[in-house]
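A look at the structure
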Amino acid sequence: MLMERKSNMCKMHHHGKGIKTKKENVMLHGIGVSHGIGRGVLYRETTFVPVISREEIAPEGRPDQAQKYKNARQSAEEELQKLIDSLQAQGTDKAAIFAAHQEILLDEAMEEEILEAIGEGQSADSAVEDVYRAYAKRIARAKDSVIRERAKDLDDVRLRLLRNLQGVPDDLVPGTDGPCIAAAEEWLPSRIARLAAAGHVAGIVAEKGSATCHAAIVCEALGLPALFGVGEGLKEAPAGTRAILDAQAATLEVSPAEEQWREAGERVEQFRRAAAIARQYADRLAVTTDGRRVEICLNAGAVDLPPQSEVCDGVGLFRTEFLFMEQQHLPTEDEQYEAYAAVLRKMGGRPVILRTLDIGADKQLEYFPLPKEENPALGVRALRLCFDKPDLFRTQLRAAWRASAHGNLWLMFPMVGSLEDWRRAKQICLDVRRELEQQGAAVGRNVPIGAMIEIPSAALQADRLAAEADFASVGTNDLCQYLFAADRTNARVAAYAQSHSPVLMELLGRVAAAFEAQGKPLSVCGELGGDARAAAVLVGMGYKKLSMSPGNMPYVRQVICRSSMEELQSLARQVCAAATQGEAEELMQRFYQGVTRAPEEEAKCIHE
Ligand code: PEP
Ligand code: MG
């Protein structure tokens, strides 16, 4: 059955907010999945809702029901085969998801139970409904998140079977008069693939879902711009109206003004051309024209790493809290150990920076309620919470140290605000290692221990941290939030968090210089590291390692491969000397356009 990869978490801010900008023009926010921008008429998916007959079937009618079930299974299998063929023709490797659906469909144990239920007088649809739901329920209780994800596949197959049983065709595609943005409460992966195959879907949007659900993976694999987790506000967006989906900005603009609509059309075209070119850099090493090698690492949050993990230089940020957020209970030491060891093994010797637990503020665990605070982002979160709950921290550190025997582990603490924080965390970490060694456990040697630089007080004393820590990684998401006093979860202040501002860039430059002076490794793992325009500035400042969500990698590789260090350094100097964010952005944009050049010219260079 299904063993699918999940993409890492990204862009968790702007969750489910909606602000009215004009009377009829509404801007909705969500979690941007995949890349790009799509423009089209909003289509609202009405989900197939099966009506299940619970009447007992007389003995003479039962063979008919059994035959009905077998026919439905046969046509469902044919549908899946068509889907697989069309996905393979599009050159994605995601057909495996639907091959796994075929396996579910043909599962002998389930078939036996269904036929048995029919033999006892249940109708074919109620037998399918009951058996599939029972299996899904059992799987949904599994500890392993990968197995739990399969419950959704069972739901997908169940609905396919029931639809076939009830003779509802699989051709419910939106009207073919131009591109559409397809909206639903929640998407099934097969449905997205089906819509994409129909060829005129410009974007996918959903009230629910996250960046790691299977539906998101399918969108990313098909290159469909998507926005998930928009919330209930999406229900109010009327079908048939125009909408612009910008996955990068994580927004859906409903009923845009004529000018915005036209402009979006141009951006769609530009994006298409740029994406095709950037894709050619997908597995190239990021080396400047004069030989500076920049490590391109992955931001991940789940044990199932995306395909890009095979060609990147390591995991630059493993957000361990997602493991906690996926569960219904605090993961045990063994569960954590298994997860961390699995990631380390998969990365086979390439570095994996494991960030210790960062919960609190916008990352809450339902089963582990934290006391209410007036300002949770300034409260007991991340490392502070770990200090407050030593058992929680020590359990995670024990798991991490044990896992370190399986690969190249680097350990990192989030939200370090002072040298006291740093020293205290490091001491606990070393105590745990000693304890394990005394117990005879195998722990890795030479595990670098580092700090995240994401609180301004840490950035301002980067020299002190560089003297003591083995390495650091800059979390620009939080650094920006705290530097500009702009809550990253509040869409209304998003414009105040000036992530391209010369002030932030200057500070990042000083952090780079401090680590360079000590010869210690430094990276950026906030969103800025995956923002190709900003990445050029960062490399120019001396950053040699950038960590990002997988979709950003080709763009960042492209800009690095097309520039010289001298050009990047000059850009960094100019950006830091700019007066405003607007000026800095103009410089960055001009540079980016210059190095990525006109598509024809670029395409020629690549084919030379
Ligand atoms: C950051 O703050 O930039 C970061 C990488 O951590 P997170 O986004 O998980 O807070
Ligand atoms: Mg952070």
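These numbers come from a predicted model, not from an experiment. Counting restarts for each chain, with residues numbered from 1 along the sequence as it is written. Starting at A for chains and at 1 for ligands, labels are handed out in the order in which the entities are written. For a predicted model such as this one, the threshold for reporting local features is a pLDDT of at least 70, and the threshold for listing and counting side-chain atom pairs is 80 or more; totals across whole chains, interfaces and linings nevertheless cover every residue. Remark: hydrogens and water are excluded; side-chain values derive from all non-hydrogen atoms of the structure.

Glancing now at the overall build of the protein. Secondary structure summary: the protein contains 22 helices and 18 strands in total. What you see for the protein is a C-alpha radius of gyration of 26 Å, in line with the 25 Å of a compact globule of 608 residues. With the C-alpha coordinates aligned to their principal axes, the bounding extent of the protein is approximately 85 × 65 × 55 Å. Sequence separation of 24 or more characterises 70% of the internal contacts of the protein that already satisfy a separation of 6 or more. A total accessible area of about 25800 Å² is found for the protein, and carbon and sulfur atoms account for 49% of it. Separation between the mean location of the 73 positive side-chain charges and that of the 87 negative ones in the protein comes to 4 Å. Each helix corresponds to a stretch of at least 4 residues labelled H or I by DSSP, and each strand to a stretch of at least 2 residues labelled E; elements are numbered beginning at the N terminus. Here the radius of gyration uses the C-alpha set of atoms, whereas the globule reference equals 2.2 Å times the residue count to the power 0.38. Working rule for contacts: check all heavy atoms of both residues, and any pair within 4.5 Å makes them a contact. A 1.4 Å probe and the Shrake-Rupley method give the accessible areas. Residues count as covered only by the protein chains that appear here. Positive charges come from Lys and Arg, negative ones from Asp and Glu, while His and the chain ends are left out of the count. Working definition for charges: the position is that of NZ of Lys, CZ of Arg, CG of Asp or CD of Glu.

For the purposes of this section, nonpolar cores are sets of buried Ala, Val, Leu, Ile, Met, Phe, Trp, Tyr and Cys residues that join through side-chain atoms within 4.5 Å. With a 1.4 Å probe rolled over the protein chains alone, any residue whose accessible area is under 20% of its type maximum counts as buried; one over 50% counts as exposed, and the rest are partly exposed. One finds Y340, W401, I453, L508, Y543 and L546 to be the most contacted residues of the largest nonpolar core, which totals 105 residues. With residues up to four places along the chain from it excluded, the contact list for W401 reads L411, C429, V432, R433, L436, A442, V443, G444, V447 and I449. Ranked by size, the runner-up nonpolar core spans 54 residues in total, among them Y43, A76, V128 and A182.

To count as a disulfide, a pair of cysteine sulfur atoms needs to be within 2.5 Å. All chains considered together, the criterion is met by zero disulfides. Free cysteine: C429, not disulfide-bonded; nearest cysteine sulfur from C386 at 11 Å. Judged by relative accessible area, which is 0%, C429 ranks as buried. For C525, which is in no disulfide, the shortest distance to another cysteine sulfur is to C297 and amounts to 10 Å. When its relative accessible area of 1% is taken as the criterion, C525 is described as buried.

Throughout this document, a residue counts as near a molecule or strand when at least one of its heavy atoms sits within 4 Å of that molecule or strand. Near ligand 1 there are 14 residues, and of these R319, R355, G475, N477 and R488 occur at the shortest range. Throughout this description, a polar contact denotes any pair of N or O atoms lying within 3.5 Å of each other; where both atoms belong to protein, one of them has to be capable of donating a hydrogen while the other can accept it, and for residues adjacent in sequence the pair is counted only when both atoms sit in side chains. A distance of 3.0 Å is found between an oxygen atom of ligand 1 and a side-chain nitrogen or oxygen belonging to E454. Between an oxygen atom of ligand 1 and a main-chain N or O atom of T476, the distance comes to 3.1 Å. It is helix α16 (residues 476-483) that provides the largest number of residues to the shell around ligand 1, a total of three residues. Following the grouping adopted for this structure description, the nonpolar residues are Ala, Val, Leu, Ile, Met, Phe, Trp, Tyr, Cys and Pro, the charged ones are Asp, Glu, Lys and Arg, and the polar ones are all others, Gly among them. Looking at the shell around ligand 1 residue by residue, the class counts come to three nonpolar, four polar and seven charged.

A separate point is the confidence of the model for the protein. Note on scores: pLDDT gives the predictor's confidence for each residue, bounded by 0 and 100. When pLDDT is averaged across the protein, the result is 88; 90% of the residues are at 70 or more. Contacts of residues 1-23 to residues separated by more than four positions or lying in other chains number 97 contacts, the stretch itself having pLDDT below 50.

Turning our attention to the domain arrangement of the protein. Reports often express the size of an interface as the amount of accessible area lost when the parts come together. As assigned here, the protein comprises domain 1 (26-48 + 171-278), domain 2 (59-165) and domain 3 (291-482 + 504-530 + 542-549). Relative to domain 3, the C-alpha centre of domain 1 lies at a distance of 33 Å. Domain ranges listed in this record stem from an automatic or a database domain assignment.

For the rest of this paragraph, the subject is the coordination of the magnesium ion (ligand 2). In an ideal tetrahedron of four donors about a metal, each angle is 109.5 degrees. In an ideal octahedron of six donors, the angles are 90 or 180 degrees. The coordination sphere of the magnesium ion (ligand 2) contains the protein donors E454 (OE) and D478 (OD), at a distance range of 2.0 to 2.1 Å. Placement of the pair is E454 in the loop between β15 (449-453) and α14 (456-460) and D478 in helix α16, with a sequence separation of 24 residues. With respect to burial, E454 and D478 carry one shared label: buried. Think of the donor list as every N, O and S atom within 2.8 Å of the metal, or within 3.2 Å for Na, K and Ca; water never makes the list, so a site can look incomplete.

Time to look at the pairing of strand β14 (residues 408-413). Side chains on a regular strand alternate between the two faces of the sheet. Counted residue by residue, β14 has five buried out of six residues, so it is predominantly covered. Both β14 and β15 contribute to a ladder of three bridges, which runs parallel. The residue of β15 that forms the bridge with F413 is A451. Call a crossover right-handed when, viewed with both strands pointing away from you, the route from the first strand across the helix to the second goes clockwise. You can see the chain leave β14, run along helix α13 (residues 419-438) and come back into β15, and the turn it takes is right-handed. Only strands that DSSP links by at least two bridges are regarded as paired with each other.

With respect to the helices, strands and loops of the structure, Q327 is situated in the loop between α9 (321-326) and α10 (333-347). Excluding residues that lie within four positions of it along the chain, Q327 makes contacts with K143, R148, E335 and Y367.

Although it is not a glycine, S255 adopts a positive phi angle of roughly 50 degrees. Its place among the elements puts S255 in the loop between β9 (251-254) and α8 (258-279). Residues other than glycine seldom take positive phi values, yet A382 does so here, at roughly 50 degrees. Among the secondary structure elements, A382 is positioned in helix α11 (residues 382-388).

Bringing the packing of helix α1 (residues 62-89) against helix α2 (residues 95-105) into the picture now. Interaxial angle, 0 to 180 degrees, is taken between N-to-C directions of lines fitted to C-alpha atoms, where a helix line uses only the stretch in contact. Here α1 crosses α2 at 165 degrees, and the two axes come no closer than 9 Å. Taken together, the axes of α1 and α2 lie roughly antiparallel to each other. Note on packing geometry: the crossing formed by α1 with α2 is left-handed. Here R73, A76, E77, L80, Q81, L83, I84, L87 and Q88 of α1 lie close against α2, whose contacting residues are A95, F98, A99, H101, Q102 and L105. The class makeup of the residues in the contact of α1 with α2 is nine nonpolar, four polar and two charged. Throughout, the term roughly parallel applies to angles under 35 degrees, roughly antiparallel to angles over 145, roughly perpendicular to angles from 65 to 115, and oblique to all others. Two helices cross in a left-handed way if the nearer one is turned anticlockwise from the farther one by less than a right angle. They cross in a right-handed way if the turn is clockwise.

Bringing the environment of R160 into the picture now. Secondary-structure assignment places R160 in helix α5 (residues 145-165). Spatially, the C-alpha atoms of R160 and D431 are 54 Å apart, while their sequence positions differ by 271 residues.

Working rule for helices: expected span equals 1.5 Å times residues minus one. Between its first and last C-alpha, helix α21 (residues 581-596) extends 22 Å over 16 residues, near the 22 Å set by a 1.5 Å rise per residue. Turning to α21, its buried residues number three or more, namely Q581, A584, L587, M588, F591, Y592, V595 and T596. Down the axis, α21 shows its buried residues gathered within 145 degrees of arc, on one side only. Exposed residues on α21 whose side chains face more than 90 degrees from its buried face are E586 and R590. Positive backbone phi, approximately 55 degrees, marks R597, located one or two places after α21. Directions drawn from the helix axis to the C-beta atoms are what define this arc.

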